[in-house]
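# Remarks on the overall topology
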Amino acid sequence: MATRTPLIAGNWKMYKTGPEAVQAAHALNALTAGVANVDIMIAPPFTALAAVSAALQGSPIAVGAQNLHWESEGAFTGEIAPGMLRAAGCRYVIIGHSERRQLFGETDQAVNRKVQAALAAGLIPVLCIGETEAEREAEQTFSVLDKQVRFGLENVSLQTLGDLVVAYEPVWAIGTGKTATREQAQEAHAFIRERLGKLYGEDMAEATGILYGGSVKPNNIAELIGMDDIDGALVGGASLEPETFARIIKLGD
Ligand code: PGA
């Protein structure tokens, strides 16, 4: 098995003002000072990005955004361009989160444009994919994942693909307290890696981090991250409180 450094990422969604986010980032930085073998990322709301990046200068904690627009600038009221995220100190950007897909009508095509724009700007896309409960019950999990991987990465060549992170987040496990069993998650992750291998070859597939997301907590991180193809976690609710998030990070270390 390739050695992939685990990534534990916190998606703060629409929580925390700028000052609250800075305070939480400082606390998390102090609490995770001894962590050596896990990469850490936090994705605060847009309005907190620059201040959190400044607060984390010199810290190993990376900053990510939760969304972006695919154009580099223009008359797109309310949107944020990739270069703006870079200038605000972002290294990562979450793309295609199920809340964006479900609540804001984001299509695979939009997700694909965003992935391409992020890569072109030197941001690492965290491409989120996952099946709904109805799709799982209808035994469509793998066809949904296949489609989301293929469409999400359409026209992205191995040359343009720098670093990529994929997050497998079964929609039925997000914010519900239901987690996929580690076997269910491992099976999905192995499938995703196999699809990446088909598209980009074994080396890329083996090097790509695939995170699990959906009700990750201190009491389930260890068993998830212990699975061969689970390379970390995208954590929502349990990332908001620095002590809890730091516990998750340390359990993954
Ligand atoms: P959750 O959210 O950990 O609160 O389930 C995960 C996510 O939405 O990325």
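Just so it is clear, the structure is predicted and the values come from calculations on it, not from any experiment.

Below, the discussion takes up the pattern of salt bridges. Inspection of every chain in the model, using the stated rule, returns 16 salt bridges. Between Arg-150 and Asp-146 there is a salt bridge, with its nearest N and O atoms 3.1 Å apart. Placement of both Arg-150 and Asp-146 in helix α7 (residues 141–152) is noted, with a separation of four residues, approximately one turn of the helix. When salt bridges that share partners are traced, they join Arg-4, Arg-193, Glu-206, Asp-229 and Asp-231 into one network.

Moving on, we get to the side chain of Glu-169. Structurally, the position occupied by Glu-169 is in the loop between β6 (165–168) and α8 (182–200). Buried within the structure, Glu-169 lacks any salt-bridge partner; Lys-13 is the closest side chain of opposite charge, at an N-O distance of 6.7 Å. Only 3.4 Å separates the side chain of Glu-169 from the side chain of His-97, close enough to count as a polar contact. Apart from residues no more than four positions distant in its own chain, Glu-169 is found in contact with His-97, Cys-128, Ile-129, Gly-130, Ile-174, Gly-213, Gly-214 and Leu-234.

Moving on, we come to the site of the ligand. Close to the ligand lie 13 residues, the nearest being Lys-13, His-97, Glu-169, Gly-175 and Ser-215. Between the ligand and the protein, one listed contact pairs an oxygen atom with a side-chain N or O atom of His-97 at 2.6 Å. At a separation of 2.7 Å, an oxygen atom of the ligand approaches a polar side-chain atom of Glu-169. For the ligand, the accessible surface in isolation is 280 Å², of which the surrounding protein chains cover 96%. By residue class, the composition of the shell around the ligand is four nonpolar, seven polar and two charged.

A few words on α7. A rise of 1.5 Å per residue sets the reference length of α7, with its 12 residues, at 16 Å; its end C-alpha atoms lie 16 Å apart and thus fit the reference within 8%. Residues Thr-141, Val-144, Leu-145, Asp-146, Gln-148, Val-149 and Gly-152 constitute the buried set of α7. Buried-residue contacts for α7 involve α4 (98–103), α5 (108–120), β5 (124–129), α6 (133–137), β6 and α8.

Turning our attention to unusual backbone geometry. Phi is positive for Lys-13, close to 45°, though the residue is something other than glycine. For Lys-13, the location among the structural elements is in the loop between β1 (7–11) and α1 (18–31). Despite not being glycine, Asn-155 has its phi angle at roughly 60°, a positive value. Mapped onto the fold, Asn-155 is located in the loop between α7 and β6. Its relative accessible area of 67% is what places Asn-155 among the exposed residues.

The rules behind these values
Residues numbered from 1 in each chain as written. Predicted model: local features only at pLDDT ≥ 70, side-chain atom pairs only at ≥ 80, totals over all residues. Heavy atoms only, no water. Salt bridge = Lys/Arg side-chain N within 4 Å of Asp/Glu carboxyl O. Helix = DSSP H or I, 4+ residues; strand = E, 2+ residues; numbered from the N terminus. Buried < 20%, exposed > 50% of the residue type's maximum accessible area, 1.4 Å probe, protein only. Lys, Arg positive; Asp, Glu negative; His and termini not counted. Polar contact = N/O pair within 3.5 Å; in protein donor to acceptor, adjacent residues only side chain to side chain. Contact = heavy atoms within 4.5 Å. Near = heavy atom within 4 Å. Areas by Shrake-Rupley, 256 points an atom, 1.4 Å probe, with all protein chains shown as cover. Nonpolar A, V, L, I, M, F, W, Y, C, P; charged D, E, K, R; others polar. Expected span 1.5 Å × (residues − 1).

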